[in-house]
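# Commentary on secondary and tertiary structure
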Amino acid sequence: MSGLALAMFVGLFAWGQQIVGYDDPHGKVQLALLATFCFGLLIGYRANN
């Protein structure tokens, strides 16, 4: 499951504008994707411990 999540994150981060079609001239959507991924990692790590 984490491999799928990582693949989806990389795909959306790298090619999200072409896949989804959002307009992100200032990179705020990519910043939100990165923050969401980091928070997910943190919560997932804390849930396992």
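Residues numbered from 1 in each chain as written. Predicted model: local features only at pLDDT ≥ 70, side-chain atom pairs only at ≥ 80, totals over all residues. Heavy atoms only, no water.

### With respect to the UniProt feature "transmembrane region" (unreviewed entry) in the protein
Those residues carrying the UniProt feature "transmembrane region" (unreviewed entry) are residues 31-48 in this numbering. Helix and strand shares over residues 31-48 are 100% and 0% respectively, and the end C-alpha atoms of the span are 26 Å apart. (UniProt positions renumbered as here; feature names shortened; annotations may be inferred. Helix = DSSP H or I, 4+ residues; strand = E, 2+ residues; numbered from the N terminus.)

### Re a nonpolar patch on the surface
Residues L6, V10, W15, I19 and V20 make up a contiguous nonpolar surface patch of about 520 Å² in total accessible area. Positionally, W15 belongs in helix α1 (residues 2-19). (Patch = residues over 30% accessible without salt bridge, like charges linked within 9 Å, V, L, I, M, F, W, Y side chains within 5 Å. Areas by Shrake-Rupley, 256 points an atom, 1.4 Å probe, with all protein chains shown as cover. Salt bridge = Lys/Arg side-chain N within 4 Å of Asp/Glu carboxyl O.)

### Some points on the environment of V10
Checked against the element boundaries, V10 lands in helix α1. Here V10 falls in the partly exposed class, since its relative accessible area comes to 41%. Note: C-alpha distance between V10 and A32 (22 residues apart in sequence) is 13 Å. (Buried < 20%, exposed > 50% of the residue type's maximum accessible area, 1.4 Å probe, protein only.)

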